[in-house]
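# Summary of the model geometry
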Amino acid sequence: VCAVEMALWELAGKAYNVPADQLIGGKFRDSIRLYADTPEEEDPAKFSEKVKIRMQDRGYTWLKMDLGINELKGKPGTLVNDKFWQNDQGDLQQWGGLDDPTSYANTAHPFTQIQITDKGLDELAKLVENVRGMLGYDIPLSTDHYGHFDVNNGIRLGKRMEQYRLAWLEDVIAWQYTDQWKMLSDALETPCLTGEDIYLLKSFKPLIDIHAVDIIHPDLATSGGLLETKRIGDYAEEHGVAMAMHQAGTPISFMSCVHCAAATQNFLALEHHSIDLPWWEGLVKTTDG
């Protein structure tokens, strides 16, 4: 549905010889700020090199890092009840075992009873401190991919990280738990964000109406397309909620996001999820036409 909607706006734009941002309301900005996803690396030197490429070579002014309990593998005394959920390799496999309804990957956050100890929180704080040491405080730093644990541990994690002034905590729990998101947001100074899996404005409204999150995070390729995502952003703006944009698609999807971001006033930054894929830009052929 979203792909067809994007294609139809593209055809309409070609017919009228105007860009898509004009068709959905007109643009607020001439340039779009991007944030660079930076996946976790076991080797600190490799992670440091990724950060360097993003900042110095590519010129990104906003970064995101993974901050998951997987990082605590092999560190005794950092987690409670994690061994029960580990796979045969001793991992908490967040995206594996999808054919097993009782696997860690398929078990919702409130139902694992995995807890992070104070030692575990200290270890995770060291990871953020190391990245902050590389970036300084001029660069916004967001975090994601924490693991499957409940809102109580999410609050404990968020409070431990507040000194690092993170730009946001992303998808700490599933987006459907509106009341728990409200608990999380009320307990923390760090902005809370969710939305990449949400379809249509009507599903964003419960979170926005009670200010359960500080920032929404739609992905245009799954949230409803160009116009629906513009409506989502406008509705959030009326309620004092900002909008970042998740993007893990093709260059065509990426450019649709760019046009939507250009037309949305409360926009913060758009994700580029394919920086480390040299073939990504080759998925399309650009012309001068």
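Quick look at the structure, then. (Residues numbered from 1 in each chain as written. Predicted model: local features only at pLDDT ≥ 70, side-chain atom pairs only at ≥ 80, totals over all residues. Heavy atoms only, no water.)

## Observations concerning the overall build of the chain
- Broken down by element type, the chain carries ten helices and ten strands.
- The principal-axis extents of the C-alpha atoms in the chain amount to approximately 65 × 40 × 40 Å.
- A burial count over the chain gives 50% of its 289 residues as buried.
- Pairs at least 24 apart in sequence give 73% of the contacts found in the chain among residues at least 6 apart.
- Looking at the chain as shown, the accessible area adds up to about 14100 Å², and 53% of this sits on carbon and sulfur atoms.
- Positive and negative side-chain charges of the chain, numbering 26 and 44 respectively, have mean locations separated by a distance of 3 Å. (Helix = DSSP H or I, 4+ residues; strand = E, 2+ residues; numbered from the N terminus. Buried < 20%, exposed > 50% of the residue type's maximum accessible area, 1.4 Å probe, protein only. Contact = heavy atoms within 4.5 Å. Areas by Shrake-Rupley, 256 points an atom, 1.4 Å probe, with all protein chains shown as cover. Lys, Arg positive; Asp, Glu negative; His and termini not counted. Charge placed at Lys NZ, Arg CZ, Asp CG, Glu CD.)

## Notes on the side chain of Asp66
- With respect to the helices and strands, Asp66 occurs in strand 2 (residues 63–66).
- Buried and unpaired, Asp66 has Lys64 as its nearest opposite-charge partner, separated by 6.5 Å.
- A distance of 3.0 Å separates the side chain of Asp66 from the side chain of His145, its partner in a polar contact. (Salt bridge = Lys/Arg side-chain N within 4 Å of Asp/Glu carboxyl O. Polar contact = N/O pair within 3.5 Å; in protein donor to acceptor, adjacent residues only side chain to side chain.)

## A word on helix 6 (residues 178–187)
- Among the residues of helix 6, those classed as buried are Thr178, Trp181, Leu184 and Ser185. Buried residues of helix 6 fall within an arc of 115° about the axis and therefore sit on the same side. Residues Asp179 and Asp186 are exposed on helix 6 and point more than 90 degrees away from its buried face.
- Buried residues belonging to helix 6 abut helix 5 (151–161), strand 7 (192–194) and helix 7 (201–209). (Arc of directions from axis to C-beta.)

## Looking at helix 1 (residues 2–16)
- With 15 residues, helix 1 should reach 21 Å at 1.5 Å per residue; the first-to-last C-alpha distance of 21 Å fits that figure.
- Among the residues making up helix 1, those that are buried are Cys2, Glu5, Met6, Trp9 and Gly13. Take helix 1 and look down its axis: the buried residues cluster within an arc of 100°, on one side only. Exposed positions of helix 1 whose direction lies more than 90 degrees from the buried face are Ala3, Val4, Leu8, Leu11, Lys14 and Ala15.
- Within two residues after helix 1, Asn17 carries a phi angle of roughly 60°, on the positive side. (Expected span 1.5 Å × (residues − 1).)

## Observations concerning a nonpolar patch on the surface
- There is a patch of nonpolar side chains on the surface, built from Val4, Leu8 and Leu11 and spanning about 310 Å² of accessible area.
- With respect to the secondary-structure elements, Leu8 resides in helix 1. (Patch = residues over 30% accessible without salt bridge, like charges linked within 9 Å, V, L, I, M, F, W, Y side chains within 5 Å.)

## Details of the pattern of salt bridges
- All told, the structure shown has 16 salt bridges when counted by the stated rule.
- A salt bridge links Lys182 to Asp186; the nearest nitrogen and oxygen atoms lie 3.5 Å apart. Pair noted here: Lys182 and Asp186 are both in helix 6, with a separation of four residues, about one helical turn.
- With relative accessibility at 53%, the residue Asp186 sits in the exposed group.
- When the shortest N-O distance is used, the salt bridge between Glu228 and Arg231 registers 3.4 Å. A residue pair is termed a helical-turn pair when its members lie 3 or 4 positions apart in one helix, as Glu228 and Arg231 do in helix 9 (residues 226–238) at three residues.
- A single salt-bridge network, built from bridges that share partners, covers Lys64, Asp144, Glu170 and Glu271.

## Quick notes on the pairing of strand 1 (residues 34–38)
- Counted residue by residue, strand 1 has four buried out of five residues, so it is predominantly covered.
- Pairing analysis gives three bridges linking strand 1 to strand 10 (residues 267–272), with the strands arranged parallel. Across the sheet, residue Ala36 finds its bridge partner in strand 10, namely His272.
- Direction of pairing for strand 1 relative to strand 2: parallel, over a ladder of three bridges. Its bridge partner being in strand 2, Ala36 is matched across the sheet by Leu63. (Pairing = 2+ DSSP bridges.)

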